[in-house]
Amino acid sequence: MSELSHTKTTFDELRSRRNKGFPFAVRASGGVEFAFWLQWVVATVVQCSVLIFLGIGKLDGDLASHYRLLALFSSLLAIPVFALFRAYSIRNGYLVGVARVLASWGTLIALLMFIAFATKTSDTYSREVVLQWILIGFAFQALAFVPLHKVLRRMDRLHRFANASVIVGCGDLALTLAVKLRHERGEAMIGLVCPDGDQPDNVRPHTPYFPTLGVVSQLRSVISENSVSRVYIALPARETDQIEGLYVDLLDANVDVVWVPDFANLKLLNHSIHNLGGLPAINLNESPLTSYPGGAFLKSLMDRALALIGILALSPLMLCVAAAIKLTSSGPVLFRQKRHGWNGHIIEVLKFRSMRVHDDSSAQQAKKDDPRITPVGKFLRRSSIDELPQLFNVLRGDMSLVGPRPHAVAHNDYYSDKIIAYMARHRIKPGITGLAQISGYRGETETIDKMQKRVELDLDYINHWSLWLDIKILIKTPLTLVSKDIY
């Protein structure tokens, strides 16, 4: 059986399942909210029940008012915290979902402890009850999350299978969109509809899984014959007249129409769509620190808290390193260099000095067997211990723990006109570690290609930034600290 025949059979099965109907399917527009609130209600019942049970057991049958207040306050505070971590997203796998629930629960507990400390009410609660509530509460939430998450994912999948969709377009964007809709979102993507100027027989060899159903002039027939409920328009932005014509023509076709603009020639950065006074506004370039102010605040809070803990914990090591530098070579202990920070502002980045004092006006990158590097400096660079003073940069707000590595001003001047969107990496705070660093792009970038790859990873980090991504990068960083490619 050919690939096309196999695919057609699959689509026939989907149509058969769709025609049977799914009475419990929910509309996509409300599915996400329904899934969140249902899981929040279940989690609230679970964690409040655990708290009440433990509180009554500790107080011999009488639940004190402050435990009731804790149950109410924790339930309400959980809404923004769990929403921020996207803990209840039906797009999460089971392990990722449980991990996000753990991160959300930990953040919620930390906020509650901070509030109790600030209001001087922590002494009114039993440490035994609180500790048991933290551990048992999470365990029960995780146990309730898995089966409920499975049911909601199945409901969402069946809903998507129950609604066929087609894509108007046969270019690269249409093919990419078809793959994402079919395999990532699980939609019943039954095929493509080419513009009238294209010949259906000229479909590229790698598209049999998404057969061409006809051309735009036949779109009405395609919708009727296949019971299509959603049409995606994936045409180049220059085809505005045809896009407008399609929209007008489909107004009375009883189908959802979604336009996916083709910005293939633009380097988008953290792009998003907003309603601006009733007008659709597409942000082509926006910093995550301005588009997600709540997340940016939590990122800054986490950065400074961990930086302070790191400084206190590593202060003996840093004192020993400072003494070793001072005793083995002349010059200051710290090396200070002007680099670009958030939005291109100049900041002074701190490092332990690993080279002999020299003229740094050219900002030449360190190379293998570089004679400028001291014996102590060689160890510091290989182990990345020379970066530890940047914890003070993080503490004062110049840098973040995670973000694109800041480059010397001279390097930025050199690469900015050689690599597209190079300076866009400064749309978020620079970091001590980052996605490029844990992906193997550390140390010397002696070729344009290497720097290009580092920039691509930096932009990928900005486009997909989240607190969870920062946490994953921090966890992976120790595994990449010692590298033979660092000089």
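Relevant structure appears above.
Note that the structure is a prediction, hence the values are computed from the model and not measured. (Residues numbered from 1 in each chain as written. Predicted model: local features only at pLDDT ≥ 70, side-chain atom pairs only at ≥ 80, totals over all residues. Heavy atoms only, no water.)

**Details of the overall build of the protein chain**
Counting its regular elements, the protein chain contains 16 helices and eleven strands. For the protein chain, the proportion of its 487 residues judged to be buried stands at 44%. Within the protein chain, contacts between residues at least 6 apart in sequence are counted, and of these 70% link residues at least 24 apart. In the form shown here, the protein chain has an accessible surface area of approximately 26,100 Å², with 62% of it arising from carbon and sulfur atoms. (Helix = DSSP H or I, 4+ residues; strand = E, 2+ residues; numbered from the N terminus. Buried < 20%, exposed > 50% of the residue type's maximum accessible area, 1.4 Å probe, protein only. Contact = heavy atoms within 4.5 Å. Areas by Shrake-Rupley, 256 points an atom, 1.4 Å probe, with all protein chains shown as cover.)

**What to know about the state of the cysteines**
Scanning the entire structure with this criterion turns up one disulfide. Residue cysteine 170 pairs covalently with cysteine 194 via a disulfide, S to S 1.8 Å. The S-S bond linking cysteine 170 to cysteine 194 shows a torsion near -85°; that makes this disulfide left-handed. Note that cysteine 170 is positioned in the loop between β1 (164–168) and α6 (172–184) and cysteine 194 in strand β2 (residues 188–194), a separation of 24 residues in sequence. When its relative accessible area of 2% is taken as the criterion, cysteine 194 is described as buried. (Disulfide = S-S within 2.5 Å.)

**Points about the packing of aromatic side chains**
Here the structure, examined in full by the defined rule, presents eight aromatic pairs. Ring centres 5.5 Å apart and planes at 90° place the aromatic pair tryptophan 37 and tryptophan 40 in the edge-to-face group. Highlighted residues: tryptophan 37 and tryptophan 40, both in helix α2 (residues 28–58), separated by three residues, approximately one helical turn. The class of tryptophan 37 is partly exposed, set by a relative accessible area of 40%. Taking the relative accessible area as the measure of exposure, tryptophan 40 reaches 16% and is therefore buried. (Phe/Tyr/Trp six-rings, centres within 6.5 Å; stacked < 30°, edge-to-face > 60°.)

**Side note on helix α11 (residues 375–383)**
Those residues of α11 that sit buried are Gly377, Leu380, Arg381 and Ser383. At its buried positions, α11 is contacted by α10 (293–328) and β9 (346–352).

**Details of the nonpolar core**
Among the nonpolar cores identified, the biggest contains 71 residues, and Phe82, Tyr88, Leu108, Trp133, Phe352 and Tyr461 are the most heavily contacted of them. Considering each element in turn, this core owes the most residues, eight residues, to α10. The contacts of tyrosine 88, once residues within four sequence positions are left out, are Phe36, Gln39, Trp40, Ala43, Phe82, Val101, Gln141 and Phe145. Grouped together as the second largest cluster of nonpolar side chains are 18 residues, Ile223, Val231, Ile233 and Ala253 included. (Core = buried A, V, L, I, M, F, W, Y, C linked by side-chain atoms within 4.5 Å.)

**What about the packing of α10 against helix α16 (residues 467–476)?**
A packed helix pair is summarised by two numbers, namely the angle formed by the two axes and the spacing between the axes. Look at α10 against α16: their axes get within 10 Å of each other, and the N-to-C directions meet at 25°. As judged from the angle between their axes, α10 and α16 are roughly parallel. Between α10 and α16, the contacting residues are Gly295, Leu298, Lys299, Met302 and Leu306 on the first element and Leu467, Asp470, Ile471 and Leu474 on the second. Classifying every residue of the contact of α10 with α16 by side-chain character gives six nonpolar, one polar and two charged. (Axes fitted to C-alpha atoms, helices over the stretch in contact; angles between N-to-C directions. Parallel < 35°, antiparallel > 145°, perpendicular 65-115°, else oblique. Nonpolar A, V, L, I, M, F, W, Y, C, P; charged D, E, K, R; others polar.)

**With respect to the sheet that holds strand β3 (residues 212–215)**
Reading across the sheet, the five strands line up as β3-β2-β1-β4-β5 and stay open at both edges, with parallel pairing between neighbours. The open sheet is flanked by β3 and β5 (256–259), the only strands paired with a single partner. For this sheet the average axis-to-axis angle between neighbouring strands, irrespective of direction, equals 25°. Pairing of β1 with strand β4 (residues 228–233) involves five bridges; the strand directions are parallel. Residue pairing for β4: valine 166 is matched across the bridge by valine 231. (Pairing = 2+ DSSP bridges.)

**Topic: unusual backbone geometry**
The phi dihedral of lysine 120 falls on the positive side, at around 60°, and the residue is not glycine. Looking at the secondary structure, you find lysine 120 in the loop between α4 (94–118) and α5 (127–161). Taking the relative accessible area as the measure of exposure, lysine 120 reaches 76% and is therefore exposed. The backbone of serine 384 shows a phi angle near 65°, a positive value even though the residue is not glycine.

**Let's talk about the environment of isoleucine 311**
With respect to the helices, strands and loops of the structure, isoleucine 311 is situated in helix α10. Spatially, the C-alpha atoms of isoleucine 311 and glutamine 390 are 9.9 Å apart, while their sequence positions differ by 79 residues. Beyond its immediate stretch of four places on either side in the chain, isoleucine 311 contacts Met318, Leu391, Phe392 and Leu395.

**Examining the side chain of serine 329**
With respect to the element layout, serine 329 can be found in the loop between α10 and β8 (334–340). A polar side-chain atom of serine 329 sits 3.0 Å from a polar atom in the side chain of arginine 353. Apart from the residues within four sequence positions on either side, serine 329 is in contact with Arg353 and Thr374. (Polar contact = N/O pair within 3.5 Å; in protein donor to acceptor, adjacent residues only side chain to side chain.)

**What to know about the side chain of lysine 351**
Note on placement: lysine 351 falls in strand β9. When its relative accessible area of 11% is taken as the criterion, lysine 351 is described as buried. Once you skip the residues sitting within four places of it in the chain, lysine 351 turns out to touch Val333, Leu334, Phe335, Arg339, Arg381, Asp386, Glu387, Pro389 and Gln390.

**Considerations on the pattern of salt bridges**
Tallied over the full model, the rule gives eleven salt bridges. For lysine 338, the salt bridge is made with glutamate 348, and the minimal N-O distance between the two is 4.0 Å. Linking lysine 338 in strand β8 with glutamate 348 in strand β9, this pair joins segments that are ten residues apart in sequence. We classify lysine 338 as partly exposed; its relative accessible area is 48%. When its relative accessible area of 25% is taken as the criterion, glutamate 348 is described as partly exposed. With a shortest N-O distance of 3.4 Å, aspartate 386 and lysine 351 are connected by a salt bridge. Here aspartate 386 is found in the loop between α11 and α12 (390–395), whereas its partner lysine 351 is found in strand β9, with 35 residues between them in sequence. One salt-bridge network, held together by shared partners, links Lys351, Asp386, Glu387 and Arg405. (Salt bridge = Lys/Arg side-chain N within 4 Å of Asp/Glu carboxyl O.)

**Points about α10**
With 36 residues, α10 extends just 46 Å between its outermost C-alpha atoms, more than 12% less than the 52 Å of an ideal straight helix rising 1.5 Å per residue. Here α10 has its buried residues at Gly295, Ala296, Lys299, Met302, Asp303, Ala307, Gly310, Ile311, Met318, Val321, Ala322 and Ile325. (Expected span 1.5 Å × (residues − 1).)

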